[in-house]
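# Fold and geometry: a report
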Amino acid sequence: MQSHDLRLDEQSLITPALVKRHGKTTHEIDDGMLRQKIAELALVLELARQGFANHQPAAKVVEQLAGKLHVLRHQSGNDIWQKLIPLAQAHPVSEYLLQDPFTKWSFEKPRGYSGDASLLDIYYKHPAANDFIASCTELGREIYAYTSDAASSVAGRERRDILARIVDETAARKEKAEVLAVACGHLRESEKSEALKAGTLGRWVTLDQDPTSVEIVRAANAGTAVQPVIGNVAGLMRRSYELGTFDLVYASGLYDYLPRAVAIRLTQRLMELVKDGGEFLFANFSDEITTDGYMETFMDWPLILRSGADMWDIVNAAVDRNKVEVDVFYGENRNIVYSRVRKKAA
Ligand SMILES: C[S@@+](CC[C@H](N)C(=O)[O-])C[C@H]1O[C@@H](n2cnc3c(N)ncnc32)[C@H](O)[C@@H]1O
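Note that this is a predicted model, so its numbers are computed, not measured. (Residues numbered from 1 in each chain as written. Predicted model: local features only at pLDDT ≥ 70, side-chain atom pairs only at ≥ 80, totals over all residues. Heavy atoms only, no water.)

### Some details on the overall build of the protein
Across its full length, the protein holds 16 helices and 7 strands. The C-alpha radius of gyration of the protein comes to 21 Å, within 12% of the 20 Å expected for a compact globule of 346 residues. Principal-axis analysis of the C-alpha atoms places the extent of the protein at approximately 60 × 45 × 35 Å. Going through the 346 residues of the protein one by one, you find that 54% of them count as buried. Of the roughly 15100 Å² of accessible surface on the protein, 51% is carried by carbon and sulfur atoms. Computed over 42 positive and 48 negative side-chain charges, the inter-centroid distance for the protein is 3 Å. (Helix = DSSP H or I, 4+ residues; strand = E, 2+ residues; numbered from the N terminus. Rg over C-alpha atoms; globule rule 2.2 N^0.38 Å. Buried < 20%, exposed > 50% of the residue type's maximum accessible area, 1.4 Å probe, protein only. Areas by Shrake-Rupley, 256 points an atom, 1.4 Å probe, with all protein chains shown as cover. Lys, Arg positive; Asp, Glu negative; His and termini not counted. Charge placed at Lys NZ, Arg CZ, Asp CG, Glu CD.)

### Structural notes on the sheet that holds strand β2 (residues 203-208)
The strand order β3-β2-β1-β4-β5-β7-β6 describes an open sheet built from 7 strands, whose pairing is mixed. Two strands in the sheet have a free side with no partner beyond their single neighbour: β3 (226-230) and β6 (324-330). Averaged over all neighbouring strand pairs, the angle between strand axes comes to 15°, with direction disregarded. Bridge analysis of β6 against strand β7 (residues 336-343) gives 7 bridges, and the strand direction is antiparallel. Bridge pairing links E325 to R342 in β7. Where helix α14 (residues 260-272) meets the sheet, its contacts fall on β1 (178-182), β4 (246-251), β5 (274-285), β6 and β7, and the angle it forms with β5 comes to roughly 150°. (Pairing = 2+ DSSP bridges. Axes fitted to C-alpha atoms, helices over the stretch in contact; angles between N-to-C directions. Contact = heavy atoms within 4.5 Å.)

### A word on the pairing of β3
As judged from the 5 bridges shared by β2 and β3, these two strands associate in the parallel manner. Following the sheet pairing, V205 is matched in β3 by Q227.

### Some details on the nonpolar core
Membership of the largest hydrophobic core comes to 68 residues, with the highest contact counts inside it found for L65, L201, W204, Y250, Y294, F298 and W301. Here this core gets 7 residues from one element, more than from any other, and that element is helix α3 (residues 58-76). Taken domain by domain, the makeup of this core includes at least three residues from each of domain 1 (16-152) and domain 2 (154-343). Non-local contacts of F298, meaning those with residues more than four positions away in its chain, are made with L45, L65, L69, A88, Q89, V93, S94, L97, L98, T103 and F107. (Core = buried A, V, L, I, M, F, W, Y, C linked by side-chain atoms within 4.5 Å. Domains from an automatic or database assignment.)

### Thoughts on the pattern of salt bridges
Evaluated as defined, the whole model comprises 28 salt bridges. The partner of R49 in a salt bridge is E46, and the shortest N-O contact between them spans 2.8 Å. Within this pair, R49 and its partner E46 are both found in helix α2 (residues 31-53), separated by 3 residues, close to a single helical turn. Of the residues examined, R49 reaches a relative accessible area of 25% and is grouped as partly exposed. Residue E46 is classed as partly exposed on the basis of its relative accessible area, which comes to 26%. E215 is the salt-bridge partner of R218, the closest N and O atoms lying 3.2 Å from each other. With R218 and E215 both in helix α12 (residues 211-220) and 3 residues apart, the pair spans about one turn of that helix. Overlapping salt bridges bring together R165, E169, E279, R340 and R342 as one network. (Salt bridge = Lys/Arg side-chain N within 4 Å of Asp/Glu carboxyl O.)

### Some thoughts on the environment of R321
Within the element layout of this structure, R321 appears in the loop between α16 (308-318) and β6. Residue R321 is classed as partly exposed on the basis of its relative accessible area of 39%. The residues touching R321, leaving out its near neighbours within four places in the chain, are W312, N316 and V326. Polar side-chain contacts of R321 include one of 2.9 Å to the side chain of N316. (Polar contact = N/O pair within 3.5 Å; in protein donor to acceptor, adjacent residues only side chain to side chain.)

What follows is the structure, given as structure tokens:
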């Protein structure tokens, strides 16, 4: 195993700037190419603006826009794409798009950072988001009909269900199983867990850096095996928390913000918290998603997308393969990829 350079910001919040740096290259930008891509972007955005102004079906307008931004992102290369993002965000079409509750929350970041748990409630279609969605315009709700059912949102809801299923499988194979959720957000998978309802889990420690989310988890799961903890990735690395060991450790919606070196170090650390015979699971949005261009521009929500090979790469660099069994698999629509690492019994 190698040692890796770690670059977390001081509060250990993963910032959009950090994620953007991940994809940075040092190539000189070709001015002609840049001008061409700016012109293509302007055309794509103007067509969408006209679609809204002419009252075309909003979901269709956004679907086409997202598809074209995906192609433009891939054809531009990262350096040029980074220059296109602020231009898209400043375009008048954003006045329409920001009426969508999902786009608006993501762009405005009321909790102060990207990808907070209330944003996930919006695409989970969780009742906690109902009032906010109802407060948006009719056009906003029409756009939401597309954004909340885009393949990446469907995959996010499936991820929540997969997590609940794996927690339940752990409870079925191990009496009084101990589970750790890292970056738990609002722990919405707990609402789908039969084992939690049946009271068969030993403990479900749920850690997040956001005290508001931790409080929501505490209130929603009072009197159950759930044990919320305020904590962050840097604290985990520094071994600041006395957590013990677990039959299942998992992280969902976190690795998408972690550059490779940090992902490897965190995997090494979390594997230390897994008991022999236990397992660690992490999920990542895959590089096959087609909403990437829309997310990075109008949602200001950059993610580090990974392939199955990238997931293997993290595991191979982090663990001794003789001591584990690894399964890398995709969700149904391949928008999220999972890595499941089982520690062989000693
Ligand atoms: C996209 S949400 C995922 C929430 C939940 N795991 C899920 O799948 O619904 C990301 C969560 O990561 C948390 N987070 C971000 N950076 C973190 C860090 N450095 N340490 C701990 N939690 C972090 C955020 O507070 C947020 O709740």
